[in-house]
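Structural features, examined
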Amino acid sequence: MFDLTKISKALELMNIESVKSLVLEALNEGINPLAILNEGLIPGMDIVGKKFKALDLYMPEVIMAAKAMNSAIEILKPGLQKDTAWKLEKIKILLGTVKGDIHDIGKNLVKVMLVCNGYEVVDLGVDVSSEKFIEAIKKEKPHLLGMSALLSTTAPYMKEVIKDIKNKGLRESLKIIVGGAIITEDYAHEIEADGYSPDAIMAVEKVRNLLQSD
Amino acid sequence: MIVKRASLLSNEERYRIHMASLTILERTGIDVHEEESVELLKKGGAYADSGKHIRIPSYMVKNALQSVPERLIIYSRSGAPYLFLDLNQVYFGTGADCPVFRDSITKEFRDFGIQDIIDASIICDFLPNIDFVQPYGVPKDVPTETSDIHQFKAMVVNTKKPLMFVGHNCENLKIILEMAKLIKNGEQELRQQPFFVLLLAVTSPLTFSKNMLEQMLTIAEKRLPVCPASMILSGGTGPATIAGMIAQGNAENLAALVIHQLKAPGAPFIYGQILTTMDMSSNIAVYGAPELYLTNNAVADMANFYRLPSFSTGGCTDSKEMDVQAGLEAGLSLYTSAIAGANLIHDVGYLASGRVNSYDYLIFCDEVIGMVKRIIRRIDLSDDKFSLDLIHKVKPGGGFIEEEHTLRHFREEHWLPKISNRQSLSQWKIDPSPIQERINRKIYEILKSHQPELLDPKVVDRMNEIISTKEA
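Residues numbered from 1 in each chain as written. Chains lettered and ligands numbered in written order. Predicted model: local features only at pLDDT ≥ 70, side-chain atom pairs only at ≥ 80, totals over all residues. Heavy atoms only, no water.

Turning our attention to helix 4 (residues 114-126) of chain B. With 13 residues, helix 4 of chain B extends 19 Å from end C-alpha to end C-alpha; this agrees with the ideal 18 Å at 1.5 Å per step. Taken as a whole, helix 4 of chain B has its buried residues at Asp116, Ile117, Asp119, Ala120, Ser121, Ile122, Ile123, Cys124 and Asp125 of chain B. (Helix = DSSP H or I, 4+ residues; strand = E, 2+ residues; numbered from the N terminus. Expected span 1.5 Å × (residues − 1). Buried < 20%, exposed > 50% of the residue type's maximum accessible area, 1.4 Å probe, protein only.)

Shown next as structure tokens:
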């Protein structure tokens, strides 16, 4: 019987090629794709998560592991789709730094984390006006909007964007998460966003939680 | 204060960094988000690949380095020469625009108000080892759009020391310059006795925003001092290799210099960057990184290589309060930045990686600077200091405490702490006097009794009028 712990180990070691070939091997031996995911991949990612919290692993390594996880899931997809317990709709997330602000390192880190965790990300870039956000929401129909601001002068613009989204009747259709060096949990609450994240890695958790609550 | 600099980089290493930066400028280029700057660069010989993407050939850098002044004097508000930005002079100043204030006594975190900017200016005016002043935080009780103008006024009224600040935008900068002209007798005197430095933020990697360029061109035209400082986070907005980050930061600084000198040849320019790591767990910009201490030295060395006035960082911590970690990072950063010898060492007193300012840590850092200054003053080994006649007079087995020589010299030769605890153990057991309490008392005393030099009330009224007009 194929030893699925080999897959977790390979994931812990962030070895993309190894993970992919082991997953293929397991599939060829007739192992259930869902079992490969739940008993091979997820335990590996859990350990990566724990090691990250303990400061044994850092962001570049977590990104590598997430990429490995993601490429493994791509291989498993056809098999998983037959299992109706697995929801595989691609989650779409819209990101942008608000008008007047051109800082994007934080947003870019969030993008990297989301993409390597299997989300589809549409990045509107920097200096994004409310109109541009709304146009993109109508066109892309994202599940979630993430806004970033670094400056004390640009953070208030987030409030406006959320108001405009409400006025256009689009607020119920998506979740909104905010972040940036100047942003706080209190401020996110004040402007009626659905969530706040202080950094890119926690953003993935927040996004996951927000979208699960549906 | 003059320091005998400790170089990190050999001359050849400085040259190699310079060459690496020239390669970046000529091969990779920069994004220039402002039309006049693009035109200036194109006319000057730069290669414009697309609207905003510009590559700069090395002769343009050479020209800029030739025309820029090697040395600047920054004056006090009243026109006294105060900061000599030339070889081996170091000065210390605070950090700007913290979003959060921490009350040293109640330990409460709260928003800044304009009164805090006023209080901080008074404290900085008092502290002997703070040489230039930045706005302590972002005041939430004034309109957001004009908070920089309010900050400038609060500082200039409450301290005579030179200022450094970041403007929101070009429009506000012009208003601040109007106010500055009032304080001096017009533009001519302001140009000849500048009492502030405009700090501008570069967007790394290799990007100049419209806002930054508009402000830089405005201040260049007025021939007032500017410091377009990159802040690069290694592994985030710059390479994970420190050498790469240095080359990139240097390239960004040189590119800014090229545009600046094309606009106004000979206008005053201060070289400097903040090159540190991005924490790979929390993603913060690390203010207590040993890599920052190294790059401060590299930046100072490059400034020396180019013969430019310079800017670096010290007296800051990632700790959220004045604790052991904060103490360590104050000590290490202030000592290393002082012997590295960049002219303007900023961010003194910053807590929580620049998100929190609190008077207790500022006063603690002022004390540390005093100690550092004593070290960089080194040892006076002039002949008479050997005091051979005195040693002979006192004789083997004698004592020095009653000697007039001791009375005459101890204050000069020994650093006398104002905060550090030097009680004997038994004294301490009777009266522990924790450092936090001693500092808190000092904050209270300074704010109660320090009276900064007053500004002409007519000038203050005029400034208020200017602000009201803008906000109407």
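Of all hydrophobic cores here, the largest spans 169 residues; its most connected members are Ile56, Phe152 and Phe196 of chain B. No other element matches the eleven residues that helix 4 (residues 59-81) of chain A contributes to this core. If we ignore the near neighbours within four places in the chain, the residues touching Ile56 of chain B are Leu25, Glu26, Ile30, Leu41, Val61, Ala255 and Val258 of chain B. Judged by nonpolar contacts, the second largest core, of 28 residues, contains Ile137, Met147, Ile183 and Ala193 of chain A. (Core = buried A, V, L, I, M, F, W, Y, C linked by side-chain atoms within 4.5 Å. Contact = heavy atoms within 4.5 Å.)

This next bit is on the domain arrangement of chain B. Along its sequence, chain B is organised into domain 1 (66-376) and domain 2 (383-413). Averaged C-alpha coordinates put domain 1 of chain B and domain 2 of chain B at centres separated by 43 Å. (Domains from an automatic or database assignment.)

All names here are of chain B. Spatially, 2-3-1-11 is the arrangement adopted by the four strands of the open sheet, whose pairing is mixed. Strands with a single pairing partner mark the edges of an open sheet, and in this sheet they are strand 2 (47-48) and strand 11 (207-208). The pairing of strand 1 (residues 30-32) with strand 3 (residues 53-55) spans two bridges and is classified as antiparallel. Its bridge partner being in strand 3, Ile30 is matched across the sheet by Ile54. Along the sheet, helix 1 (residues 11-28) makes contact with strand 1, strand 2 and strand 3, crossing strand 3 at roughly 130°. (Pairing = 2+ DSSP bridges. Axes fitted to C-alpha atoms, helices over the stretch in contact; angles between N-to-C directions.)

All names here are of chain B. For the pair helix 1 and helix 3 (residues 58-67), the least separation of the axes is 9 Å and the interaxial angle reads 120°. Considered as vectors, helix 1 and helix 3 are oriented oblique to each other. Where helix 1 abuts helix 3, its residues His18, Leu22, Leu25 and Glu26 lie against Ser58, Val61 and Leu65. (Parallel < 35°, antiparallel > 145°, perpendicular 65-115°, else oblique.)

Moving on: the pattern of salt bridges. All names here are of chain B. A complete count under the given rule lists 33 salt bridges over all chains for this structure. Notably, a salt bridge pairs Lys181 with Glu178, separated by 3.2 Å at the nearest N-O pair. Of the two residues, Lys181 and Glu178 both sit in helix 6 (residues 170-183), three residues apart, roughly one turn of that helix. Measuring nitrogen to oxygen at the nearest pair gives 2.9 Å for the salt bridge that ties Glu465 to Arg462. Here the residue Glu465 and the residue Arg462 both occupy positions in helix 17 (residues 457-471), the gap between them amounting to three residues, near one helical turn. By relative accessible area, Glu465 is classed as partly exposed at 44%. Within this structure, Glu178, Lys181, Glu187, Arg191 and Lys222 form a network of salt bridges that share partners. (Salt bridge = Lys/Arg side-chain N within 4 Å of Asp/Glu carboxyl O.)

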